[in-house]
Amino acid sequence: MSSELANKIQREINEWKEAFQDDYFNLDDPWVRRFNFKSDDEWIVTCQADLDYSESYETKVSITIPKSYPTGEHICIVAEESHDIPGENIQEVLSQVFHMMKVQREKFLEEIPTPTPGTSHGHGDHIFGGDDDMADEEAVFIDDSSMEDDEKRKRFESIEHDLTVVRKTKGWLGCRGASGMDQIKVYLFTNPNRLNITPLLAEAWQLDLEKWICITITFSNYYTESATKPVVEAFQCGDVSIRDAYSLIDNGKVKFGLYWTVQQRLERDFFAIYWPIEQYRNTLQPKTGKNYMEYLLEYTESIIKTSPSKCLICGNKLPLEGIKPMCCESPLCIFSHEQYGLGIDLESAIKKNPDVVDLFVSVCYAASVSYVNRGFNPFQPFPSNLEIKLRDKTSGQVKTYNFLTNDGKDDNAKVREVLDKVPNLKILEEWVDEGKLKERCDEKHPLVYPLLRWILASARVHMKKLVGKEQLSEMKTDHQYILLSSTPDKERRFQELKKKYGSILAFHGSALGNWHSIMRKGLLNLSNTGGMVNGAAYGAGVYLAGNANVSFGYMRYQSGWNNSITFKSNQIGCLALCEILKAPELIQKYGDKMTPNPYFVIPNEEHLQTRAFFIYTTNQNHSVEGKDLKLPNVSFN
Ligand SMILES: [Zn+2]
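Residues numbered from 1 in each chain as written. Predicted model: local features only at pLDDT ≥ 70, side-chain atom pairs only at ≥ 80, totals over all residues. Heavy atoms only, no water.

Naming follows an unreviewed UniProt entry, where the protein chain appears as Poly [ADP-ribose] polymerase of Naegleria gruberi.

Below is the structure:
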């Protein structure tokens, strides 16, 4: 009964808000925000208002609706003062309260004092204030100060104008934050769905598609200080269904995978060029067709979109593009990457995808035991630049921990020793729950935590466990994963060509230890190096089989990591399911029906995408034709 009444009230409030949209809510510079109706214990409408043009919205408003509604008294409190507002229903009460506030606001504006040295916030206060000897200068100062305030006001207006245009674009929001005349704080929001990325990709980038991406820029409004570049903050907040920029401010702020990179690129690159604002406000528009704030938002989106091809830290182009952002191999970048905890969130990876973490560690372990043949170490890339320096508390001496031999060569055995100290995933999960993952890892060995982070952060693929009906029953294993490795751009090109040519599915089997490198350097790179165990009898390229049974033979079952829970066996074999384009070059080689001869050899990486990954813990011998399989039902682009 009472919830029915609450719903009725909610409808009346919505109706009222709709009717007064243009008067109070949809203004270019709205003075009411956080308008909200709560209907649990109490039925109460609340909002915050800016009645003194301070932009701090410090006037709190609440209207408590009687449970005997529509009879009974509404309790209206504005700025901690109770007001007696008569009204037949909530709509009338709201109208009266808002009208009262509007009148108060107008009255305030009439009484606002013109700037004088005493009330001004200009530099003059500090330089001249209270200095009698300078009395003669005061006349000059007054002019100067009001001019300065004019200047400031103009700047507010021009930014406000830009933001009004921003709000007209779908998926963008923008507003000025609460700040005085001396500081400007701008909030810009972009809906991550504008990036046009799949849920899988968003997951790989640690981006929440349900939340706004927010950029705040804060800078001084002193004309003379406009050379001081803005401070940028990047984060995600508020549900994308919320379309009121003011309600988004401080609404559940969280970090996202690229927050640091976005902040750095804007501060170091964007504002290194496009600053101060007033210098670029008029030149950007004719050149780009965008105003300053629009251009800033587009720039931010492009930082995110191009992130997989550039180092997270220094921004240099990575030698190999992958699905997710990472840092380059420069020791300085690796150091910062560790220090800021960027790229991956080890704690949440352990909690959300323990199987995948177990798999990556197992594969890395297998790489560290694989045979170094004629100087070729299949353990590539190697954590050569991971280093921890610790000062011994008793002796005061600094000790260095790394994975190198005394003469600076990669030492597989050292990695193995550290991985042997990593406990199983159940225990790691408990440590995360305790909130002491790093502490506990450090107790085991100073390199345990950095190595785990490196293993996950250096992987250029994204994996997601397939469960239940998502699985391909023909493959006869419970360990099935989506395996994505290409950039969104490559995927898009692939999908375009697929529409034209069509595609088929085929298999690639390789020893467990090889997958460490494949997952970081791609299939083709491994095929063209000393890592190719099986020769290149049919030419250079990635070798794939039409039938899984052929690929099973190349899995070369081996044992993995001793502490693995999921992959505990001395007969682990891994197989990837790939999608191949029926491109003209390949049709020429394999015929219209794409018959392997006896393999498919794909020299061009553009013609190939990894799709799924299967792990076996026992010897396999059964026939599965790639052409009989269907891809797992997920969207790849
Ligand atoms: Zn770098």
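Alright, that's what it looks like, and here's the rest.
(A) Structural detail: the overall build of the protein chain. Helix and strand content of the protein chain: 21 helices and 18 strands. Principal-axis analysis of the C-alpha atoms places the extent of the protein chain at approximately 90 × 70 × 55 Å. Residue burial in the protein chain is summarised as follows: out of 637 residues, 50% are buried. Across the protein chain, the fraction of contacts at a sequence separation of at least 24, relative to all contacts at a separation of at least 6, is 66%. Put simply, the protein chain shows about 31100 Å² of open surface, and 49% of that area lies on carbon and sulfur atoms. Across the protein chain, the 73 positively charged side chains and the 89 negatively charged ones have centroids separated by 13 Å. (Helix = DSSP H or I, 4+ residues; strand = E, 2+ residues; numbered from the N terminus. Buried < 20%, exposed > 50% of the residue type's maximum accessible area, 1.4 Å probe, protein only. Contact = heavy atoms within 4.5 Å. Areas by Shrake-Rupley, 256 points an atom, 1.4 Å probe, with all protein chains shown as cover. Lys, Arg positive; Asp, Glu negative; His and termini not counted. Charge placed at Lys NZ, Arg CZ, Asp CG, Glu CD.)

(B) Spatial organisation of the nonpolar core. Membership of the largest hydrophobic core comes to 128 residues, with the highest contact counts inside it found for Tyr292, Met293, Leu419, Met463, Ile580 and Phe613. The dominant element in this core, judged by the number of residues it contributes, is helix H13 (residues 354-369), at 10 residues. (Core = buried A, V, L, I, M, F, W, Y, C linked by side-chain atoms within 4.5 Å.)

(C) Expanded view of the domain arrangement of the protein chain. Under the domain assignment used here, the protein chain contains domain 1 (2-111), domain 2 (146-305), domain 3 (331-448) and domain 4 (462-628). Computed from C-alpha atoms alone, the centre-to-centre distance between domain 3 and domain 4 is 28 Å. Contacts between the two partners involve 25 residues from domain 3, matched on the other side by 26 residues from domain 4. Carbon and sulfur atoms make up 66% of the area that domain 3 and domain 4 hide from each other, which totals about 2200 Å². The three residues of domain 3 that bury the most area against domain 4 are Asp355, Leu359 and Val363, which together make up 25% of that side's buried surface. (Domains from an automatic or database assignment. Buried area = accessible area lost by both parts, 1.4 Å probe.)

(D) Local environment of the coordination of the zinc ion. Donor atoms from the polypeptide that bind the zinc ion are Cys311 (SG), Cys314 (SG), Cys328 (SG) and Cys333 (SG), placed at 2.2 to 2.3 Å. Seen from the zinc ion, its four donor atoms lie at angles of 102 to 117 degrees, and the figure they make is tetrahedral. Residue Cys311 is classed as buried on the basis of its relative accessible area, which comes to 1%. On the basis of relative accessible area, Cys328 is assigned to the buried category, the value being 17%. (Donors = N, O, S within 2.8 Å, 3.2 Å for Na, K, Ca; no water. Tetrahedral: all angles 85-135°; square planar, octahedral: opposite > 155°, others 65-115°.)

(E) Up close: the pattern of salt bridges. Enumeration according to the criterion identifies 25 salt bridges in this entry. One salt bridge in this structure joins Arg155 and Glu278, with 3.8 Å as the shortest N-O distance. Remark: Glu278 occurs in helix H9 (residues 277-288) and Arg155 occurs in helix H5 (residues 138-166); sequence separation between them is 123 residues. Residue classification places Arg155 among the buried positions, given a relative accessible area of 7%. (Salt bridge = Lys/Arg side-chain N within 4 Å of Asp/Glu carboxyl O.)

(F) Layout of the packing of aromatic side chains. One pass over the full model with this rule turns up 29 aromatic pairs. Between Phe270 and Tyr295, the ring centres sit 6.1 Å apart and the planes meet at 40 degrees, which makes this aromatic pair tilted. You can see Phe270 sitting in helix H8 (residues 259-273) and its partner Tyr295 sitting in helix H10 (residues 292-305), a full 25 residues away along the chain. This pair shows no difference in class: Phe270 is buried, exactly as Tyr295 is. Ring centres 6.1 Å apart and planes at 70 degrees place the aromatic pair Tyr554 and Tyr599 in the edge-to-face group. Here Tyr554 is found in the loop between helix H20 (548-552) and strand S16 (573-581), whereas its partner Tyr599 is found in the loop between helix H21 (584-590) and strand S17 (600-602), with 45 residues between them in sequence. We classify Tyr554 as partly exposed; its relative accessible area is 24%. (Phe/Tyr/Trp six-rings, centres within 6.5 Å; stacked < 30°, edge-to-face > 60°.)

(G) The arrangement of the sheet that holds strand S4 (residues 75-78) in detail. Ordered in space as S1-S2-S3-S4-S5, the five strands form an open sheet in which the pairing is antiparallel. The sheet is open, and its two borders are formed by strand S1 (32-39) and strand S5 (81-83), each paired with just one other strand. Sheet twist, expressed as the mean angle between neighbouring strand axes with direction ignored, is 20 degrees. Where S1 lies against strand S2 (residues 43-49), six bridges are found, and the strand directions are antiparallel. (Pairing = 2+ DSSP bridges. Axes fitted to C-alpha atoms, helices over the stretch in contact; angles between N-to-C directions.)

(H) Quick peek at the confidence of the model for the protein chain. Averaged over every residue, the pLDDT of the protein chain is 85; residues scoring 70 or more account for 90%. Averaged pLDDT values over the elements of the protein chain bottom out at 29 in helix H4 (residues 124-128) and peak at 97 in helix H15 (residues 425-434). Of the regions scoring below 50 in pLDDT, residues 113-144 engages in 23 contacts with residues more than four places distant in sequence or in other chains. (pLDDT = per-residue confidence, 0-100.)

(I) Geometry of unusual backbone geometry. At the junction of Gln380 and Pro381, the peptide bond is cis and its omega measures out at -5 degrees in the coordinates. Among the secondary structure elements, Pro381 is positioned in the loop between H13 and strand S10 (387-391). Geometrically, the link from Asn597 to Pro598 is a cis peptide bond, its omega value of -20 degrees lying close to zero. When you line up the elements, Pro598 lands in the loop between H21 and S17. Despite not being glycine, Arg556 has its phi angle at roughly 45 degrees, a positive value. Residue position: Arg556 is located in the loop between H20 and S16. Located in the positive-phi region is Met594, a residue other than glycine, with phi close to 50 degrees.

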